[in-house]
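Understanding the architecture of this molecule
What follows is each chain in one-letter form.
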Amino acid sequence: MSEETALQTRTQGALDVTTNPDAFATLQRVANAYAGSKLVPAHFQNKPADVIVAMLMARRLGEDPFTMMQHLYVVHGRAALSAQYVIAKANTSGVFDGPLDWRETGTMGRDDYTVTAYATLAGGREVEFCVPMSMAKAEGWTKNPKYRSMPNLMLRYRSAVLLVRLYCPEVLLGASTVEESTDIKYADATNDRPQTVEVEVEGATVVGAAGAKARLASLAAPEPIDESPEPTEDKPW
């Protein structure tokens, strides 16, 4: 059976569960058993509906449900796979002739620090994907503090997943990874912050709209009138 045929079979099986009442009832019973176990991750305990989604996803990926739940998370409202799982699946997919590996260039802590994920396709051609720290900064990923505490690991995960997306997309089937979702959330949170801009108003440099408003108000206010008596000269008489 070809990989494409196997994928179609798994996908059809997942659809049968949602359209066949008896099959769905069986799925619910299994999901309740998983959800009641303390051996599944905490975010699946007592949540049979989430377990069902994980089981359907496992069926589409040709994975064991328990293994899938160990590597499936909810990050900011979206299902996400761990990068470790994605790399492991790619290594055993048959697309690559051997496991993924990495090369590092540049100086860690600087923008030129680059991690390149590479692998050899089954046909013998080497493919790669480079992720420099400058790219991580430009995309806003480095707002995630893990890029400061463990930059090597984070760039390895990102480069490997991007390589898999290009050459082994059936491993992900369009799903995000935990690292991607987390980085995007940090980047979006930064972009949503109001920006302060320095501008010049009537010869004075002010910061932001509040500063400009205050400067214009001061210019519009009338100058105070000095009502103090004029000094008199002391005369010698």
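All figures in this text were calculated on a predicted structure; none of them were measured in a lab.

All right, on to the pattern of salt bridges then. When their charged atoms lie close together, side chains carrying opposite charge are able to pair. Within the structure shown, the criterion is met by seven salt bridges. A salt bridge links Lys 89 to Glu 63; the shortest N-O distance between them is 3.5 Å. Linking Lys 89 in helix H5 (residues 83-91) with Glu 63 in the loop between helix H3 (48-61) and helix H4 (65-71), this pair joins segments that are 26 residues apart in sequence. When the shortest N-O distance is used, the salt bridge between Glu 126 and Arg 103 registers 3.5 Å. With Glu 126 in strand S5 (residues 126-132) and Arg 103 in strand S3 (residues 101-105), this residue pair connects regions lying 23 residues apart in the sequence. Note on Arg 103: relative accessible area 34%, which makes it partly exposed. Bridged by salt links that share partners, the residues Arg 103, Glu 126 and Glu 128 form one connected network.

Helix length check: helix H8 (residues 151-167) (17 residues) gives 24 Å between terminal C-alpha atoms against 24 Å at 1.5 Å per residue, within 8%. All of the buried residues in H8 are Pro 151, Met 154, Leu 155, Tyr 157, Arg 158, Ser 159, Ala 160, Val 161, Leu 162, Leu 163 and Val 164.

The strand order S1-S2-S6 describes an open sheet built from three strands, whose pairing is mixed. Only two strands of the sheet have a single partner each, and these edge strands are strand S1 (72-75) and strand S6 (176-177). Sheet topology places strand S2 (residues 78-81) next to S6; two bridges connect them, and they run parallel. By the bridge assignment for S6, Leu 81 is matched with Thr 177.

Positionally, Thr 92 belongs in the loop between H5 and S3. Take Thr 92: its relative accessible area is 64%, and that puts it in the exposed class. At 3.2 Å, the side chain of Thr 92 forms a polar contact with the backbone oxygen of Ala 88.

Parameters and conventions
- Numbers given for residues are sequential positions, taken from 1 along each chain in its written order.
- For a predicted model such as this one, the threshold for reporting local features is a pLDDT of at least 70, and the threshold for listing and counting side-chain atom pairs is 80 or more; totals across whole chains, interfaces and linings nevertheless cover every residue.
- As a convention, hydrogens and water are excluded, and side-chain values are obtained from all of the structure's heavy atoms.
- We define a salt bridge as a contact between a side-chain nitrogen of Lys or Arg and a carboxyl oxygen of Asp or Glu at a distance within 4 Å.
- The helix count covers DSSP runs of H or I at least four residues long, the strand count covers runs of E at least two residues long, and both are numbered beginning at the N terminus.
- Relative accessibility under 20% of the residue-type maximum defines a buried residue, over 50% an exposed one, and the middle range a partly exposed one, all with a 1.4 Å probe and only protein chains included.
- Expected helix span is given by 1.5 Å per residue-to-residue step, counting one fewer step than there are residues.
- At least two bridges found by DSSP between two strands are what make those strands a pair.
- Contacts described as polar in this section are N or O atom pairs within 3.5 Å, which, within protein, must combine one atom able to donate a hydrogen with one able to accept it, while residues neighboring in sequence count only if both atoms come from side chains.

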